[in-house]
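Observations on the three-dimensional arrangement
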Amino acid sequence: MLRILDAKSGETVPAVSARRALTRVEAHASGYDLTALRVLLTTDLLLRALELGGTPVLPLLTADHHQAELHAAATTLGIRPFEDGRDLAAGLGEAQVVHVTAAGTPPAARGGVTVAVAPADGPDAGVLGTLDDPAALRLALLDAPRGAAVHLGAGALDEAGRRLGRLRRSVAHWARSPSRPVPEKVRGRLRDAWEDDLDVPGVLGVLRWMQNQPEIPDGARFETCAYADRLLALELTRDLGRAA
């Protein structure tokens, strides 16, 4: 079961109390910058992790400004479409709720778990419209623990793009071998990482570790990356058929 650090209590708690019950996952964005994009991305990861655990979810976005820009940025970054939180939240009855906010946001009188996201800075959020592969920004923001501030300096997005390209080429190469199931020890390490306070850097670390395990056949490496990408959404299988 996914456990998450609740910013209100300071304790690690189950993200939801009832695994099969509808859960409202609500992103609260106060602007249009890299921190807001990181809040949306963390919300997307929560949605994916909960669904992988069998929990039905409803993604909502509450923002005072820049609604159109935030919705467009979410689409560009491979984030699930959001419903308008102000329109729907009151009509959902007893649905469980998880709130995702920027760290330092004053707590509101609301129930459920609150997930705090550390700030991110670097290029203007409008850089999304200039990127050949927006997944490079997704990877750059995923690469640090959620509670650590992120600064994307000069060259950070280019480096993330190169790393992503190398991994996609490896995945395309592995796909040419006969498919094999994801090894249980690898599946377990992946789930242990993302169910431990959404440790996405840990998930990426498992993928790096897997590449150096000679006993894992290439077909299993491919299936492992395809499985992990259900959470990461980095389009790791995008280059299938392009490998030399």
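Above this note sits the structure.
Residues numbered from 1 in each chain as written. Predicted model: local features only at pLDDT ≥ 70, side-chain atom pairs only at ≥ 80, totals over all residues. Heavy atoms only, no water.

Right, let's talk about the pattern of salt bridges for a bit. Under the definition given, this model contains 16 salt bridges. One salt bridge in this structure joins Arg-138 and Asp-44, with 2.8 Å as the shortest N-O distance. Taken together, the residues Arg-138 in helix α4 (residues 135-142) and Asp-44 in helix α1 (residues 34-52) connect sequence positions 94 residues apart. A single salt-bridge network, built from bridges that share partners, covers Asp-133, Arg-168, Glu-235, Arg-238 and Asp-239. (Salt bridge = Lys/Arg side-chain N within 4 Å of Asp/Glu carboxyl O. Helix = DSSP H or I, 4+ residues; strand = E, 2+ residues; numbered from the N terminus.)

Within the chain, Asp-197 stands out as a residue other than glycine whose phi angle is a positive 60 degrees. As for its position among the elements, Asp-197 is in the loop between α6 (184-194) and α7 (200-211). You will see that Glu-235, though not glycine, has its phi angle at about 55 degrees, which is positive. Note that Glu-235 resides in the segment after α8 (218-232). Residue Glu-235 is classed as partly exposed on the basis of its relative accessible area, which comes to 44%. (Buried < 20%, exposed > 50% of the residue type's maximum accessible area, 1.4 Å probe, protein only.)

Right, let's get into the packing of aromatic side chains. Under the counting rule described, the total for this entry stands at one aromatic pair. Judged by centre distance (5.7 Å) and plane angle (45 degrees), the ring pair of Trp-194 and Tyr-227 falls under tilted. In this pair, Trp-194 sits in helix α6 while Tyr-227 sits in helix α8, placing the two residues 33 residues apart along the sequence. When its relative accessible area of 0% is taken as the criterion, Trp-194 is described as buried. What makes Tyr-227 buried here is its relative accessible area of 7%. (Phe/Tyr/Trp six-rings, centres within 6.5 Å; stacked < 30°, edge-to-face > 60°.)

A separate point is the pairing of strand β3 (residues 23-29). Burial of β3 is extensive: seven of the seven residues sit out of reach of the surface. Both β3 and strand β4 (residues 57-63) contribute to a ladder of seven bridges, which runs parallel. Bridge pairing links Thr-23 to Val-57 in β4. Taken together, β3, α1 and β4 constitute a β-α-β crossover, and its handedness is right-handed. Summarising the sheet, β3 and strand β6 (residues 96-102) pair through five bridges and their orientation is parallel. Directly across from Ala-27, in β6, lies its bridge partner Val-100. (Pairing = 2+ DSSP bridges. Right-handed = clockwise from strand over helix to strand, strands pointing away.)

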